[in-house]
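Chain by chain, the residues run as shown.
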Amino acid sequence: MNNVVLQVERLSRTAGDRLILSDVSFSVNPAELLAVTGASGAGKSSLLRLINRLDEPCSGTVLLQGVDYRSLAPRELRRRIGMIMQRPYLFPGTVAANLQYGPAQRGKSLTPADVDKLLARVGLDGFAGRDISRLSGGEAQRVSFARALANGPEVLLLDEPTSALDEAATAQVESVISSAVRDRGLACVMVTHNPDQAVRLAHRALLLRAGRIEAIDTPERIRDAQRAYS
Amino acid sequence: MLNALIHDPVLLGVVQALIAALFALAVTLFARSRGVALTRDAVVSMLRGAGQIVVVGLIFVALLRGPVWIAPFVLAGMIAAAASTSARRARHAPSALRISIYAIAAGAGCTIALMAALGVIEFTVNSLIPVGSMIVANAMNANALALDRLRAEIESHIGEIESALALGASPDAAVRPYLQAALRASLIPPLDNLRSLGIVWIPGLMAGMLLAHGSPVYASIYQFVVLALILGSAGITCTVSTWLLSRQAFSQADQLILRPELSSTP
């Protein structure tokens, strides 16, 4: 238990009379990727938004390195828990300016060497000066990945990061995710609608159904359970 | 032509108003023949506008003969009415009435008070109320535009704003580009007015002074003064209103709460 980076404790959220998540608990260790799977509307993306505190839970909490996240300033929490959205939402300007965005919020800046290193990590060497309007979908998603890494997070939340990408770009992004988890020891929670992707990348998988945890198991067993159910 | 036939100024005004109304009505009837139904709205608006301006004119005549201390109260009433109108036009923005009152009071109120203290606006009822009303009315328009635009900008850039928050940005930093866009858009009309002054249009105050046989040079300069004050007060109004709305858009925990799906949740 001492090793746990992220502990989600009985998170629940309702909007009006609509249940979004109920009593969701799990933990993630360093260098571990937990895949969150389930049908559309099961609450997968809502779960990530609650962990990043973009939404407020009705009950339950999240512990980051054993500290209740409500005792952390939201900006500090979000620096330590990076989030990559389904769409990259890059800011107008160059790739380097996007990478500088997070550190600049704390009055810091990356050296050109830091920028190059981050871009090399996501397989985009030499892209620092490129305008974001000239990036493909896969490149843009990898820039958003590097942008999140620029903050030096301890936890990474990925919301279907390859859902809008073709096969080749998906393979590139998956490789970037694997190496970030392995090399940087990141605790990672990734939402995916693709059980095979969970098998390729995840150490464990969590199946959500109608806002509740159905099972937490190996990705293979979760994939089989999903297939049996559908 | 009418001047030669009618010598009584009130009767002349009534006849001129009727001709102008008939002209506007003819245009709406033409629009109706093209499938744009405006006639009812136009008739109601003209009757309402004519009634209001006659009543206000009569009140104004009484006020102009009153003491100068009346002016701040009249202007405060105008600011309240302007805030209410502005808030109705920007009704989808949260706390629109409260924001509009603060913003228009800060923008128009401070501009009028400062300029009256400096002597740019003469400290008389005849000057404070008409010039003040122009400043308040333009602050009202700019405020409604700014609130509506900022709300629309935020609602159409939710992904970008939440991405910025997720990277550790403060709400101010996350919303800044959209706040700047709203501010820029709301100041386009007063800027255009200044830019086209004298070339495209001769505004009401200047026209009034010229019709009253005032000095054309002073009328021109003073019109510029009024338009510059309008721009300044609109700038303050919109800066305050967009800032206040941007504070309303986020929770204490820096969460974006100005989202359509949240406002539809009971």
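Rules used in this analysis
Residues numbered from 1 in each chain as written. Chains lettered and ligands numbered in written order. Predicted model: local features only at pLDDT ≥ 70, side-chain atom pairs only at ≥ 80, totals over all residues. Helix = DSSP H or I, 4+ residues; strand = E, 2+ residues; numbered from the N terminus. Rg over C-alpha atoms; globule rule 2.2 N^0.38 Å. Buried ≥ 20, exposed ≤ 12 C-beta atoms within 10 Å, placed from the backbone. Contact = placed C-beta atoms within 7 Å. Domains from an automatic or database assignment. Pairing = 2+ DSSP bridges. Right-handed = clockwise from strand over helix to strand, strands pointing away. Nonpolar A, V, L, I, M, F, W, Y, C, P; charged D, E, K, R; others polar. Axes fitted to C-alpha atoms, helices over the stretch in contact; angles between N-to-C directions. Arc of directions from axis to C-beta. Core = buried A, V, L, I, M, F, W, Y, C linked by C-beta atoms within 7 Å. Left-handed = near helix turned anticlockwise from the far one by under 90°. Parallel < 35°, antiparallel > 145°, perpendicular 65-115°, else oblique. Expected span 1.5 Å × (residues − 1).

A tally of regular secondary structure across chain A gives eight helices and 10 strands. Whereas a compact globule of 230 residues would reach a radius of gyration of roughly 17 Å, chain A reaches 17 Å, a difference of no more than 12%. When its C-alpha atoms are laid out on the principal axes, chain A stretches across 45 × 40 × 35 Å. For chain A, the proportion of its 230 residues judged to be buried stands at 47%. Summarising the internal contacts of chain A: among those between residues at least 6 apart in sequence, 69% fall at separations of at least 24.

Often, the extent of an interface is quoted as the loss of accessible area on bringing the components together. Here chain B is described as being made up of domain 1 (1-65) and domain 2 (68-263). For domain 1 of chain B and domain 2 of chain B, the distance between their C-alpha centres works out to 28 Å.

Residues and elements named next belong to chain A. Across the six residues of strand β3 (residues 33-38), six count as buried, placing the element largely inside the fold. Of the two faces of β3, both are covered, the one formed by L33, A35 and T37 as well as the one formed by L34, V36 and G38. Where β3 meets strand β8 (residues 187-191), four bridges bridge the pair, whose relative direction is parallel. Pairing of L34 across the sheet is with V189, part of β8. Examined bridge by bridge, β3 and strand β9 (residues 204-209) share five bridges and lie parallel to one another. Residue pairing across strands places L34 opposite R204, the latter belonging to β9.

All names here are of chain A. Counting buried residues in β8 gives five out of five residues, a clear majority hidden from the surface. Alternating residues of β8 divide into A187, V189 and V191 and C188 and M190, and every residue in both groups is buried. Assessed by its sense of winding, the connection that carries the chain from strand β7 (residues 155-159) through helix α6 (residues 167-184) to β8 is right-handed.

A few words now on the interface of chain A and chain B. Counting residues at the interface gives 21 residues for chain A, matched by 16 residues for chain B. Contributions of two or more residues to the side of chain A that touches chain B are made by α2 (74-80) and α3 (95-105) of chain A. Of the residues assigned to the side of chain A that touches chain B, the class counts are seven nonpolar, five polar and nine charged.

In any sheet, the strands associate via hydrogen bonds between backbone groups, in a parallel or an antiparallel arrangement. All names here are of chain A. With antiparallel pairing, the four strands of this open sheet are ordered in space as β2-β1-β4-β5. The open sheet has two edge strands with one neighbour each: β2 (18-28) and β5 (67-68). Summarising the sheet, strand β1 (residues 6-15) and strand β4 (residues 59-64) pair through five bridges and their orientation is antiparallel. Within β4, the position partnered with S12 by the bridge is S59. On the sheet, helix α1 (residues 44-51) packs against β1, β2 and β4 and is oriented at approximately 65° with respect to β2.

Residue and element names in this part refer to chain A. Taken residue by residue, helix α8 (residues 219-229) has P219, I222, R223 and Q226 as its buried positions. In an axial view of α8, the angular spread of the buried residues amounts to 100°, which keeps them on one side of the axis. As for α8, its buried residues are in contact with β3, α7 (195-201), β9 and β10 (212-217).

A few words now on the environment of L165 of chain A. Residue and element names in this part refer to chain A. As for its placement among the helices and strands, L165 is situated in the loop between β7 and α6. Separated by 28 residues in the primary sequence, L165 and H193 place their C-alpha atoms 13 Å from one another. Ignoring sequence-local partners within four residues, the contact set of L165 consists of G137, G138, Q141, T170 and V173.

In terms of nonpolar packing, the biggest core is built from 123 residues, with M190 of chain A together with I104 of chain B touching the most fellow members. Here this core takes 13 residues from helix α6 (residues 125-156) of chain B, the largest share from any one element. If we ignore the near neighbours within four places in the chain, the residues touching M190 of chain A are L33, A35, V36, L158, L201 and A202 of chain A.

Here the focus is the sheet that holds strand β6 (residues 81-84) of chain A. Residue and element names in this part refer to chain A. Here six strands make up an open sheet; going across it, the order is β6-β7-β8-β3-β9-β10 and the pairing mixed. This sheet does not close on itself; its edge strands, each paired only once, are β6 and β10. Each adjacent strand pair in this sheet contributes to an overall mean axis angle of 20°, direction not counted.

Below, the discussion takes up the packing of helix α5 (residues 96-118) of chain B against α6 of chain B. Residues and elements named next belong to chain B. Interaxial distance between α5 and α6 falls to 9 Å at its minimum, and their mutual angle equals 145°. Every pair of crossing elements has a handedness; the one defined by α5 and α6 is right-handed. Contact residues: α5 offers A96, I99, S100, A103, I104, G107, A108, T111, I112 and A116, while α6 offers L128, G132, I135, V136, A139, M140, N143 and L147. In the contact of α5 with α6, the residues fall into 13 nonpolar, five polar and no charged.

Residue and element names in this part refer to chain B. Packing of helix α9 (residues 188-195) against helix α11 (residues 216-248) brings their axes to within 9 Å, and their N-to-C directions diverge by 165°. In terms of orientation, α9 and α11 fall into the roughly antiparallel class. The chirality of how α9 crosses α11 is left-handed. Of α11, the residues touching α9 (which contributes P190, L191, N193 and L194) are L227, A228, I230, L231 and A234. Partitioned by chemical class, the residues of the contact of α9 with α11 number eight nonpolar, one polar and no charged.

Residue and element names in this part refer to chain A. The end-to-end C-alpha distance of α6, which contains 18 residues, comes to 25 Å, matching closely the 26 Å that a straight helix rising 1.5 Å per residue would cover. V173, V176, I177, A180 and V181 are the residues of α6 that are buried. An end-on view of α6 places all buried positions within 125° of arc, on one side of the element. Of the exposed residues in α6, the ones pointing more than 90 degrees away from its buried face are E167, A168, R182 and D183. Here the buried face of α6 lies against β3, α5 (137-149), β7, β8 and α7. Once α6 ends, the next one or two residues include G185, with phi positive near 65°.

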